[in-house]
Amino acid sequence: MLKRIKILIVLGLGLILVSGGVLFWLVSSPLTLHSELVEFDITPGNGMRAAAREIAGAGVALQPWLFIMLGKILRVEKSIKAGSYEIERGISTLDLMNTVTRGDVTQTEIAFIEGWTFRQMRERLDAHPDIRHDSKDLSEAEIMRLIGAPKGAAEGLFFPDTYLFARQSRDLDVLARAYRNMQRHLSREWEARAAGLPYGDAYQALIMASIVEKETGRDQDKPLVAAVFVNRLRQGMLLQTDPSVIYGVGEKFDGNLRKRDLLTDTPYNTYTRAGLPPTPLAMPGLASLQAALHPAPSQVLYFVARGDGSSQFSTTLDEHNQAVNRYQRGGKPGAGIGQ
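Every value quoted in this text rests on a predicted model; they were computed, and no experiment measured them.

Rules used in this analysis
- Numbering of residues starts from 1 in each chain and follows the order in which that chain's sequence is written.
- Residues qualify for local features only when their pLDDT is at least 70, as the model is predicted, and side-chain atom pairs are given and counted only at 80 or more; totals for whole chains, interfaces and linings, by contrast, use all residues.
- Hydrogens and water molecules were not included; the side-chain quantities draw on all heavy atoms of the structure.
- Where helices are involved, their axes are fitted lines through C-alpha atoms of the stretch in contact, as for all axes, and angles between N-to-C directions lie from 0 to 180°.
- Numbering of helices and strands runs from the N terminus; a helix is a DSSP stretch of H or I covering at least four residues, while a strand is a stretch of E covering at least two.
- These descriptions rest on fixed angle ranges, namely under 35 degrees for roughly parallel, over 145 for roughly antiparallel, 65 to 115 for roughly perpendicular, and the rest for oblique.
- Contacts were defined at the residue level, with two residues in contact if any of their heavy atoms lie within 4.5 Å.
- Under the scheme applied here, ten amino acids are nonpolar (Ala, Val, Leu, Ile, Met, Phe, Trp, Tyr, Cys and Pro), four are charged (Asp, Glu, Lys and Arg), and all others, including Gly, are polar.
- Here the rule is simple: two strands pair whenever DSSP picks up at least two bridges between them.
- For this analysis, a ring pair means two rings from Phe, Tyr or Trp (six-membered ring only for Trp) whose centres lie within 6.5 Å, classed as stacked if their planes differ by under 30 degrees, edge-to-face if by over 60, and tilted for the remaining angles.
- Classification of residues uses two cut-offs on accessible area relative to the type maximum, computed with a 1.4 Å probe and protein chains only: under 20% is buried, over 50% is exposed, and between them is partly exposed.
- Only when the NZ atom of a Lys or the CZ atom of an Arg is both within 6 Å of the ring centre and within 35 degrees of the ring normal do we say a charge sits over the ring.

(A) Expanded view of the packing of helix α7 (residues 171-191) against helix α8 (residues 202-215). Running from N to C, α7 and α8 point in directions that differ by 105°, and their axes come no closer than 10 Å. Between α7 and α8, the interaxial angle falls into the category roughly perpendicular. Residue-level contacts link M182, L186 and W190 of α7 to A202, A205 and L206 of α8. The residue makeup of the contact of α7 with α8, split by class, is 6 nonpolar, no polar and no charged.

Now the structure itself:
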């Protein structure tokens, strides 16, 4: 009887060793892929069984039962990470398990450009092929609520940058990152601001930064452009900034700013209304934020484009009119811009 028990134990151990060897061979052997590189997505909320189906459906000769058993043996059956993945020929079931439980997802990117409006941001998001368009039919106020922003107006509250994300990430998550990024930059610059600025809060500084962003793309000129508008605010002068008027015209703007546009009152017409417009005009970059909160120490009140991307700045209206004649009217006399 004892001899039989010993034989059974030996046979059992042998069977375990053989089974273990077979299992190790199965999970460490290269999987068959339909191409050199296979891409697949694991949907959020899916477990091992559903993930195995998604991987196999993408063109991987994966045995779902083996994948699920391996997950249980390694105690990682609840550790699978949603996202987009890329695998190459030569990968084994064990390698694949490590990949999807570590979350080694592939990444893509989206760029939000300085000076873009929120409408342009949404258009870029909606056109991106590798993002989940959860915000497509939502109102601006609803989007802001969902990303945890206290203000209903979205304009200017996102930081222009290139954002990396896993394929099939939610567009709301990308927007939330851009929003938090702007809040960090704005808070830091606001805390380090120059003394005596005519802003009631950081949001007004953001509005000014957006004006600077729309007025010039030349970083060297931004502190002086900011100085012009800060000096005008201090003296109670109208800002008379064309980008604000254009923003107020909205989608009807055809690229040609007319006299009637300057005379038509809107909340954004800084030729008819004193002070800052009610919201930013676009996304300001870091250089514009810094310029708005650290304007150049100058008494300038006017500027005009030279035609080469730079601006000519003046402290008096006579100087400004001369600059306008020189750079925009070919020397012909006439009224200056921003009288």
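(B) Spotlight on the pairing of strand β7 (residues 302-305). Note: β7 against strand β8 (residues 311-314), 4 bridges, orientation antiparallel. When the bridges of β8 are listed, A305 appears paired with S311. Between the end of β7 and the start of β8, which pair antiparallel, lie 5 residues, with G307 showing a positive phi angle near 100°.

(C) Broad picture of the packing of aromatic side chains. Summed over the entire model, instances satisfying the criterion amount to 7 aromatic pairs. Summarising the aromatic geometry, the rings of F40 and Y85 are spaced 5.4 Å apart at their centres and angled 15° between planes, so their arrangement reads as stacked. Pair noted here: F40 is in strand β1 (residues 37-42) and Y85 is in strand β2 (residues 83-88), with a separation of 45 residues, a long-range link. Per residue, the accessibility class of F40 equals that of Y85, and both read buried. Taking the centre distance of 5.8 Å and the plane angle of 90° together, the rings of F229 and F303 count as edge-to-face. Of this pair, F229 sits in helix α9 (residues 222-235) while F303 sits in strand β7, placing them 74 residues apart in sequence. Looking at F229, the relative accessible area reads 2%, which means it is buried. Through a chain of ring-to-ring contacts, three or more aromatic side chains come together here, namely F118, F158 and Y179. Positioned over the ring face of W190 is R193, at 3.8 Å from the centre of the ring.

(D) View of the environment of P129. For P129, the position within the fold is in the loop between α5 (118-127) and β4 (131-132). Here P129 falls in the exposed class, since its relative accessible area comes to 64%. Separated by 39 residues in the primary sequence, P129 and Q168 place their C-alpha atoms 8.7 Å from one another.

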